[in-house]
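Here is what each chain is made of, one letter per residue.
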Amino acid sequence: MNSPSTEQTAYLLRMQKHRRIVRISRILILCTFLFLWEFTANVGIIDSFIFSSPSKIALCFWGMVLDKSIFLHMGITLYETALSFLLVIAVSILVAVALWFSARLSEILDPYLVVLNSLPKSALAPLLIVWLGATKTTIIVAGMSVAVFGSILSLYTCFTTVDPGKIKLIYTLQGRKYQALTKVVLPSSIPAIISNMKVNIGLCLVGVIIGEFLAARNGLGYLIIYSSQVFKMDWLLMSIVLLCIIATVLYSLINLLEKWCLRRF
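Conventions used here
Residues numbered from 1 in each chain as written. Predicted model: local features only at pLDDT ≥ 70, side-chain atom pairs only at ≥ 80, totals over all residues. Heavy atoms only, no water. Helix = DSSP H or I, 4+ residues; strand = E, 2+ residues; numbered from the N terminus. Buried < 20%, exposed > 50% of the residue type's maximum accessible area, 1.4 Å probe, protein only. Contact = heavy atoms within 4.5 Å. Areas by Shrake-Rupley, 256 points an atom, 1.4 Å probe, with all protein chains shown as cover. Lys, Arg positive; Asp, Glu negative; His and termini not counted. Charge placed at Lys NZ, Arg CZ, Asp CG, Glu CD. Patch = residues over 30% accessible without salt bridge, like charges linked within 9 Å, V, L, I, M, F, W, Y side chains within 5 Å. Salt bridge = Lys/Arg side-chain N within 4 Å of Asp/Glu carboxyl O. Polar contact = N/O pair within 3.5 Å; in protein donor to acceptor, adjacent residues only side chain to side chain. Axes fitted to C-alpha atoms, helices over the stretch in contact; angles between N-to-C directions. Parallel < 35°, antiparallel > 145°, perpendicular 65-115°, else oblique. Left-handed = near helix turned anticlockwise from the far one by under 90°. Nonpolar A, V, L, I, M, F, W, Y, C, P; charged D, E, K, R; others polar. 1 Å grid on protein atoms, 1.4 Å probe; cavity = no way out; pocket = protein on both sides within 12 Å on 5 of 7 lines; lining within 4 Å. Points joined across faces, edges and corners; volume = space filled by probe spheres on them. Expected span 1.5 Å × (residues − 1). Bend = angle between axes of the 7 residues up to and from the residue. Core = buried A, V, L, I, M, F, W, Y, C linked by side-chain atoms within 4.5 Å.

## Quick notes on the overall build of the chain
Item 1. Of the regular secondary structure elements, the chain holds 12 helices and zero strands.
Item 2. Taken from the N to the C terminus, the helices and strands of the chain come in the order α-α-α-α-α-α-α-α-α-α-α-α.
Item 3. Dimensions of the chain, computed from the C-alpha atoms along their principal axes, are close to 75 × 65 × 30 Å.
Item 4. Sorting the 265 residues of the chain into buried and exposed places 35% on the buried side.
Item 5. A fraction of 72% describes how many contacts in the chain between residues 6 or more apart in sequence connect residues 24 or more apart.
Item 6. Accessible surface, the chain: about 16,300 Å² in total, of which carbon and sulfur atoms supply 70%.
Item 7. Each charge class in the chain was averaged separately, 22 positive and 11 negative side chains, and the resulting centres sit 11 Å apart.

Here is the structure:
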């Protein structure tokens, strides 16, 4: 095996340096923000009752870890988000496949999907409570409603833009439409499906939190709305920080799935 050239080695070193600078810069920005927040709260520049502080949030979190209540709230939100996300992916792929199979059906449903996708989903939450009651089902459906219609439109558009030459080759070899789907359309759409998943995981989390605002007795969304009502700002900001961490972790998991798919396919 040939050893890398001087130019290649220099390029790799520059890329390593660039990634190192990016990581260090991100950490410095976060540390600076936390330091300024803590400092201004301690010296009275900002009201620590309203804005809290990193140390108060950490103490609040540790207290809820000791009584184990935070695990209940986080677990419920994660469960509802994961379930709504999986349902969105399954429903989106199935409906997009049905639309791809039937051009007439896609023409009929297209305006309805566009309208439903553009509808503010927060407006649906009170209606879902009336229809389904204040249950976990309502929250999961609320999480799905935020992402599913846009996901269907995105996947269907991807399916219809797959290389027509490859599909024509399947038909030339006496293949059927489902063979074109399984051999060409779906494999070619894997990057788009993964990209769609990256968007949907965040949207499902948003939808679940909206549902928990209105229909939950547990979960981080419930904790946010309850703490705002009783002015426990440490709880509120801690819940928001935890949501940021959860969103980052879920997005990172989808990134790992993407890398695995790229190696596999």
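## Quick word on a nonpolar patch on the surface
Item 1. A cluster of nonpolar residues, L105, I108, L109, Y112, L116 and L119, forms a patch on the protein surface that exposes about 500 Å² of accessible area.
Item 2. Along the chain, L116 falls in helix α5 (residues 103-118).
Item 3. Looking at L116, the relative accessible area reads 35%, which means it is partly exposed.

## Some words on the side chain of T81
Item 1. Topologically, T81 is positioned in helix α4 (residues 69-101).
Item 2. According to the relative accessible area criterion, T81 is buried, its value standing at 1%.
Item 3. Side-chain polar atoms of T81 contact the backbone oxygen of T77, separated by 2.8 Å.
Item 4. Here T81 is in contact with I201, C204, L205, V208 and L250, once residues within four sequence places are set aside.

## Comments concerning the packing of helix α10 (residues 190-215) against helix α12 (residues 233-264)
Item 1. Look at α10 against α12: their axes get within 10 Å of each other, and the N-to-C directions meet at 165°. As summarised for this structure, α10 and α12 are arranged roughly antiparallel, according to the angle between their axes. For the pair α10 and α12, the crossing hand works out as right-handed. Residues I190, I194, M197, K198, I201, L205 and I209 of α10 touch α12, and the partners they reach there are L243, I246, A247, L250, Y251, I254, N255, L257, E258 and C261.
Item 2. Of the residues that constitute the contact of α10 with α12, the class distribution is 14 nonpolar, one polar and two charged.

## A word on the packing of helix α8 (residues 164-172) against helix α9 (residues 177-188)
Item 1. Orientation of α8 relative to α9, taken along the N-to-C sense of each, is 140°, at an axis distance of 10 Å. With respect to their mutual orientation, α8 and α9 come out oblique. In this structure, α8 crosses over α9, and the sense of that crossing is right-handed. Contacts between α8 and α9 pair K166, I167, I170 and Y171 from the former with K177, Q179, A180, K183, V184 and V185 from the latter.
Item 2. The residue makeup of the contact of α8 with α9, split by class, is six nonpolar, one polar and three charged.

## Notes on empty space enclosed by the protein
If a probe as big as a water molecule is rolled over the atoms, it shows which places are left empty.
Item 1. Taken as a whole and assessed by the stated rule, the structure comprises one cavity of 30 Å³ or more.
Item 2. Within this model, the largest cavity holds a volume of roughly 30 Å³.
Item 3. Considering the residues around the largest cavity, the lining is formed by K121, A125, L128, A142, S145, V146, G207 and I210.
Item 4. Elements with a contribution of two residues or more to the lining of the largest cavity: α6 (124-132), α7 (136-160) and α10.
Item 5. A per-element tally of the lining of the largest cavity places α7 first, with three residues.
Item 6. Taken together, the residues that form the lining of the largest cavity break down as five nonpolar, two polar and one charged.

## Brief notes about α5
Item 1. Across its 16 residues, α5 extends 22 Å between first and last C-alpha, which sits within 8% of the 22 Å expected from 1.5 Å per residue.
Item 2. The largest bend along α5 reaches roughly 40° and is located at L109, with the proline P111 sitting one to four residues downstream.

## Examining the nonpolar core
Side chains of a nonpolar character, in soluble globular proteins, are inclined to be buried together.
Item 1. By size, the foremost hydrophobic cluster in this structure holds 51 residues, and its most contacted members are I70, L220 and M238.
Item 2. Element by element, the count of residues in this core is highest for α12, at 10 residues.
Item 3. Not counting the four nearest positions on each side in its chain, L220 is found in contact with I70, H73, M74, T77, E212, S239, L242, L243 and I246.

## A few points about the environment of G165
Item 1. Looking at the element boundaries, G165 is found in helix α8.
Item 2. With 32 residues separating them along the chain, G165 and G133 place their C-alpha atoms 50 Å apart.

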